Amino acid sequence: MKKYILIIPLLILLFSNPVSAFEDETGCLLCHKYPKMGRITEQGIKRSYQVIPGMFGSTVHRNVPCTDCHNYIKQLPHQEIKEGVRCDSECHSIKNPATGKNFSHKPIYNTFKASIHGRDKIETGLDADKPYCISCHTNPIFNPDEEKPPKRIIDRCVVCHEDRKFVTNWYKHTSRRIRDVKRSPSEIVELCSNCHSDKALIERHVEAAKKEGRELGKKYPIAVESYDESFHGKVTRYGFTKAANCLDCHAKQDNYYMNVHDIRSSRDPESPVHENNKVDTCRHCHIHADEKYAQFDPHPTSKKEANAFRYYANIIYGWVGDIVIALLIGMAVLETIGRRRDGAGWILHKGSSWWRKSPRNRDRIE
Amino acid sequence: MKLSAEAKNVLETSMRLNKTDDKERAEIEQLIDNIPDDRVLFYKNVVSNPIGDLPRYSIHIRIQHMLIFVTFLTLAFTGLPIAFIDQIWAQPLNDMVGGIDISRVIHRTLASVMIFAMLYHVFYLMWIAVRDVARGRFELQRSIIPTFKDVRDFKLDMQYSTGRRDQRPEMDKFMYKQKIHYFAAAFGNLVMIISGSSFIFPEFWATILPQGSASYFQEMMRLSHPHEALLALLVIAFWHWYNVHLAPGRFPMQWTFLTGKITREHQIEEHFLEYLRNLVELPEEREYLNELLDARELSPSTDKTLKTAEDSI
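It should be emphasised that the depicted structure is a prediction, and the values quoted were computed from it without experimental measurement.

This next bit is on the overall build of chain A. From N to C terminus, chain A includes 17 helices and 4 strands. For 366 residues, the compact-globule formula gives about 21 Å, and the C-alpha radius of gyration of chain A, at 33 Å, lies well above that figure. Counting only C-alpha atoms and orienting by the principal axes, one finds that chain A spans roughly 105 × 75 × 50 Å. Counting all 366 residues of chain A, 17% fall into the buried class. Pairs at least 24 apart in sequence give 43% of the contacts found in chain A among residues at least 6 apart.

Written out as structure tokens, the structure reads:
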């Protein structure tokens, strides 16, 4: 029996799907393969610098050699790292097939840089609160189970492209983009909420704006909570996908993927929520929207300082409701007391509910 | 029983409208004379069938009630978890009604059924009102329309409830409580329809309302829809259901919404004027009452001392 048990791990090894080999030409793994490779930062955070080749080999950056991104490392062992990886650096090993230039995230990075969120890799002060690329984008692991390409397509591709693995990866790369894979609305709201519902962060920015005499968006301090209170927000929280989420209104829709990186302040004439652009933005979904429609508040709130009308209306509504209920229940209680006093029983029993004795001396004749 | 001027008027009108002949008229008057003066003693002694003795609601009204009843509750259960999403019960209730993709379809579909039920009711009432006016049978006090008498009835009934009066007032087919409930429901229904329509057709409301007021209107509607829904549900749960299921004599259930009939004791207690009309319109009720008054020796004319003396001989 024992010798058969040994076969099991061997079988697993045999049929497991080995990830693409990660070539360590620069010898980084000499040190970075060790699990204890890491440090405790000045802020007391434990950082691990271990690279697990099998894991990294499954990510979208698997074909990029370490020094293409960590281009500041010129010798081993390397010096202390000040800035780290910048996402706008150029890959020397990967060419952009469309332009033939070195591949880089520079175009989208520049768009992002010009947006209200734009910042550099290392920032201090208020700009450090802004998101950098990795605040939203991780280095996603390629999911081998996501979708098996249809055999008939791969069979056709290998006729010319020969390498079955290449065409499989190429198919996955392309089909994923054709399928319009993006974050779900509730994930988008969650992502934006990471910063926009951070009370300390908001307070810092509101205070700073006040000091500098700079104007902030009217809804800036309550953006998330008011959206959550809106109909769009509520149904999105339940997983409904057709209601507007943050990006549907705050990013221009002509090139969604580009423009989600180009969020502008609502005072910027380029912003889709700028006074002059609101109607067009509403019309993406509400096709008959007009100027009056665009005045509807998509971030409703009952906070006194933000919307006094709604604040008082809400209070009055609450009171009216409470008073009505109290009066009606009071009436029912009084009526019950009166009728019980007169001998009413709860159940209609043998043809009458007045079988109890009453102190008024006018009981049912039995 | 000596009738009040008001009751006499109702009785006279009813006899005139029903073209009661002199023989019947004498019979009815004799019968009413035999009813004990203490109305409480009267309704305490009648025998009632729990599922109802006397006609009250036509089949149309029962269908309308059923439609409103089913749609209202389902609308509440599909709508409230959205409006009150932060409450602990919201998520499970939303899952129970099929999740947002399904519940929104249910909500909108049933909203149209509810609007249909309301229109059905309004047109039905208009039709019977026109018919009755044409036949000269329309009686305002017998309808649901509030009159000053209701204010007086309310005052007198409160005096009865607090023990300062020994009789409930002589109320008509619809007592003050039912009129309050009816108009509250009608108003609530209208609010729900208008505010609901401002969610599903916001562009329409923005187009027809003047500049400057459209956004305030929308804000009011956003507040009204959940506030009114919750108020309506609470009124139904704590007041209406108490009155028809839990109140003394109504437990476990008043069958009127299914059978269209009201129990005799209830009719005499809360709708005495309608009971007088029943006496005119239903000969079998007169027959029943005659037998009852005899059997229970309730008539004020019955000389109890004499009877007892006769028995002892």
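From this point, things continue past the structure.
Looking only at helices and strands, chain B features 15 helices and 2 strands. Computed over C-alpha atoms, the radius of gyration of chain B comes to 24 Å, more than 25% over the 20 Å expected from 2.2 N^0.38 for 313 residues, which places it beyond the range of a compact globule. Projecting the C-alpha coordinates of chain B onto the three principal axes gives extents of approximately 85 × 45 × 35 Å. Out of the 313 residues in chain B, the part that is buried amounts to 29%. At a minimum sequence separation of 6, the contacts of chain B that also span at least 24 residues come to 74%.

Quick look at the environment of Gly188 of chain B now. All names here are of chain B. Mapped onto the elements of the fold, Gly188 is located in helix α8 (residues 176-200). Judged by C-beta crowding, with 18 C-beta atoms within 10 Å, Gly188 ranks as partly exposed. When the C-alpha atoms of Gly188 and His225 are compared, they prove to be 9.4 Å apart, with 37 residues separating the residues in sequence. Not counting chain neighbours up to four residues away, the residues in contact with Gly188 comprise Glu228 and Ala232.

Here we take up the interface of chain A and chain B. In this complex, chain A contributes 52 residues to the contact, which on the side of chain B involves 51 residues. If you tally residues by element for the side of chain A that touches chain B, the top one is helix α17 (residues 308-341) of chain A, at 19 residues. When grouped by side-chain class, the residues that make up the side of chain A that touches chain B number 24 nonpolar, 13 polar and 15 charged.

A few words on the pairing of strand β3 (residues 90-95) of chain A. All names here are of chain A. In the sheet, β3 pairs with strand β4 (residues 102-104) via 2 bridges, with the strands oriented antiparallel. Within the sheet, the bridge partner assigned to Lys95 lies in β4 and is Asn102. Where β3 folds back on β4, the antiparallel hairpin that results is connected by 6 residues, among which Gly100 adopts a positive phi of roughly 80 degrees.

We now examine the nonpolar core. Counting 20 residues, the largest nonpolar core has Leu11, Tyr43, Ile268, Phe272, Leu273 and Leu276 of chain B as its most contacted members. Listed by contribution, the elements that provide at least two residues to this core are α1 (5-17), α3 (39-45) and α13 (272-281) of chain B.

On average, residues of chain A score 88 in pLDDT, and 92% of them are at 70 or above. Note on residues 16-20 of chain A: pLDDT under 50 across the span, and 6 contacts to partners over four residues away in sequence or across chains.

All names here are of chain A. Spanning 12 residues, helix α9 (residues 185-196) covers 16 Å between terminal C-alpha atoms, matching the ideal 16 Å at 1.5 Å per step. Pro185, Val189 and Cys192 are the residues of α9 that are buried. The buried residues of α9 occupy an angular sector of 75 degrees when the element is viewed end-on, so they sit on one face. Against α12 (231-237) and α13 (246-250) lie the buried residues of α9.

The subject of this paragraph is the confidence of the model for chain B. Residue and element names in this part refer to chain B. Averaged over every residue, the pLDDT of chain B is 93; the share at 70 or more is 96%. With pLDDT under 50 throughout, residues 303-310 is counted as low confidence; its partners more than four residues away or in other chains account for 2 contacts. The ipTM assigned to the predicted complex is 0.91, against a pTM of 0.86.

Look at the link from Leu76 of chain A to Pro77 of chain A: it is a cis peptide, with omega at -10 degrees. Going from Phe251 of chain B to Pro252 of chain B, the amide bond is cis rather than trans, its omega being 0 degrees. Looking at the secondary structure, you find Pro252 of chain B in the loop between α10 (214-246) and α11 (256-259). A positive phi angle is found at Glu162 of chain A, which is not glycine, with a value near 60 degrees. Looking at where Glu162 of chain A falls in the secondary structure, it is placed in the loop between α7 (151-161) and α8 (164-178).

Our next topic: the packing of α17 of chain A against α10 of chain B. The geometry of α17 of chain A relative to α10 of chain B is characterised by a closest axis approach of 10 Å and an angle of 15 degrees between their N-to-C directions. Classed by the angle they form, the pair α17 of chain A and α10 of chain B counts as roughly parallel. As for the relative orientation of α17 of chain A and α10 of chain B, their crossing is right-handed in sense.

Residue and element names in this part refer to chain B. It is the contact of helix α2 (residues 22-34) with helix α14 (residues 283-296), at a shortest axis distance of 10 Å, that shows an interaxial angle of 35 degrees. For the element pair α2 and α14, the recorded crossing hand is left-handed. Along the contact surface, α2 presents Glu27, Ile28, Leu31 and Asn34, while α14 presents Arg286, Leu289, Asn290 and Leu293. Split by residue class, the contact of α2 with α14 holds 4 nonpolar, 2 polar and 2 charged.

It is worth spelling out the environment of Ile73 of chain A at this point. Residues and elements named next belong to chain A. Topologically, Ile73 is positioned in the loop between α4 (66-69) and β3. The partly exposed category is assigned to Ile73, around which 15 C-beta atoms lie within 10 Å. For Ile73 and Gly84, which are 11 residues apart along the polypeptide, the C-alpha to C-alpha distance reads 9.8 Å. Setting aside residues no more than four positions away along its own chain, Ile73 makes contact with Thr67 and His78.

Here is what the cut-offs are and how they apply
- Within every chain, residues take consecutive numbers counted from 1 along the sequence as written.
- Ligands are numbered from 1 and chains lettered from A, in the order in which they are written.
- Note on the predicted model: pLDDT of at least 70 is required for a residue's local features to be given, and 80 or more for side-chain atom pairs to be given and counted; whole-chain, interface and lining totals, by contrast, use all residues.
- Numbered from the N terminus, helices here are DSSP runs of H or I no shorter than four residues, and strands are runs of E no shorter than two.
- Note on method: radius of gyration uses C-alpha positions; expected globular size equals 2.2 Å times residues raised to 0.38.
- The burial criterion counts other C-beta atoms lying within 10 Å of a residue's C-beta, which is placed from the backbone; the residue is buried at 20 or more, exposed at 12 or fewer, and partly exposed between these limits.
- By definition, residues are in contact whenever their C-beta atoms, placed on the basis of the backbone, come within 7 Å of each other.
- For this classification, Asp, Glu, Lys and Arg are treated as charged, while Ala, Val, Leu, Ile, Met, Phe, Trp, Tyr, Cys and Pro are nonpolar and the rest, including Gly, are polar.
- For two strands to count as paired, DSSP must find a minimum of two bridges between them.
- Connectivity within a nonpolar core runs through C-beta atoms within 7 Å, and the core itself is a set of buried Ala, Val, Leu, Ile, Met, Phe, Trp, Tyr and Cys residues.
- What pLDDT expresses is the predictor's confidence in each residue, scored from 0 to 100.
- The span you would expect from a helix comes to 1.5 Å times its residue count less one.
- What the arc covers is the set of directions going from the helix axis to the C-beta atoms.
- For helices, the fitted line uses only the C-alpha atoms of the stretch in contact; every axis is such a line through C-alpha atoms, and the angle between N-to-C directions lies from 0 to 180 degrees.
- Any angle that is under 35 degrees is reported as roughly parallel, and any over 145 degrees as roughly antiparallel; angles of 65 to 115 degrees are reported as roughly perpendicular and all others as oblique.
- In this scheme the crossing of two helices becomes right-handed for a clockwise turn of the near helix relative to the far one and left-handed for an anticlockwise turn of less than a right angle.

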